[in-house]
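Analysis of the macromolecular model
Residues per chain, in single letters:
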Amino acid sequence: DAGITQSPRHKVTETGTPVTLRCHQTENHRYMYWYRQDPGHGLRLIHYSYGVKDTDKGEVSDGYSVSRSKTEDFLLTLESATSSQTSVYFCAISESYRSSYNSPLHFGNGTRLTVT
Amino acid sequence: DAKTTQPNSMESNEEEPVHLPCNHSTISGTDYIHWYRQLPSQGPEYVIHGLTSNVNNRMASLAIAEDRKSSTLILHRATLRDAAVYYCILRGPGANSKLTFGKGITLSVRP
């Protein structure tokens, strides 16, 4: 299994509080992604990173920010959590082959976030 | 981004082959076809991917139509552990290419 650790695994927080989720990899992969998964919506991309300090938005980026100061860590921050951000969050990584789109994604085990 | 279309659900019997279809009529010439699956309460798991030729690995086979507008994931002998949501996804070129997941197909396996 790819070395991906998400922390925390579970978190309950109150509306309006900041929350940071961490994704740590030991594979030295270039690409890292944050997805959220909700019933009826499948997996939706929030943000992704294609290198240290290089990030871009996905399809549901409003209300989220990310940072990547080291290859191995990709942080997802909810500046002011809302109930609509209650979800399961998955981090994923992929290698940088010569043709980047030929490389599969490997996912972490997820963080279940509840905003009350 | 090119989209994929999958049935919502399929059923199979244990130890029988399963063919999971996926349509991707707007696929471009450089899009790779990826398949992932997600077991209950787990993160998605990579299954297989290909470009034009059929592909085999220890988990499954991927059959790609000659015009590349459809593909089929083949599980040769379904087990109860194969019950999962299977996602067919296209990944385009470019250093910043990303995977967009649809709702997938839910596979049920009967003992």
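Everything here concerns the structure above.
Residues numbered from 1 in each chain as written. Chains lettered and ligands numbered in written order. Predicted model: local features only at pLDDT ≥ 70, side-chain atom pairs only at ≥ 80, totals over all residues. Heavy atoms only, no water.

**Observations concerning the interface of chain B and chain A**
On the side of chain A, 21 residues touch chain B, which itself brings 24 residues to the contact. Here chain B meets chain A over a buried area of about 2,000 Å², counting both sides, of which 54% is carbon and sulfur. Seen at the junction of chain B and chain A, the total is zero salt bridges. At the surface where chain B touches chain A, the tally comes to four residue pairs in polar contact (both at pLDDT 80 or more). Counting residues per element, the ones that place at least two in the side of chain B that touches chain A are strand S3 (32-38), strand S4 (45-50) and strand S8 (84-91) of chain B. Here the element with the most residues in the side of chain B that touches chain A is S3(B); it accounts for four residues. Split by residue class, the side of chain B that touches chain A holds nine nonpolar, 12 polar and three charged. (Contact = heavy atoms within 4.5 Å. Buried area = accessible area lost by both parts, 1.4 Å probe. Salt bridge = Lys/Arg side-chain N within 4 Å of Asp/Glu carboxyl O. Polar contact = N/O pair within 3.5 Å; in protein donor to acceptor, adjacent residues only side chain to side chain. Helix = DSSP H or I, 4+ residues; strand = E, 2+ residues; numbered from the N terminus. Nonpolar A, V, L, I, M, F, W, Y, C, P; charged D, E, K, R; others polar.)

**Remarks on the environment of B:Ile48**
All names here are of chain B. Mapped onto the secondary structure, isoleucine 48 falls in strand S4. For the pair isoleucine 48 and leucine 62, spaced 14 residues apart in the sequence, the C-alpha separation amounts to 7.0 Å. When residues no more than four places from it in sequence are discounted, the contact partners of isoleucine 48 are Ile33, His34, Trp35, Val55, Asn56, Asn57, Ala60, Ser61, Leu62 and Leu73.

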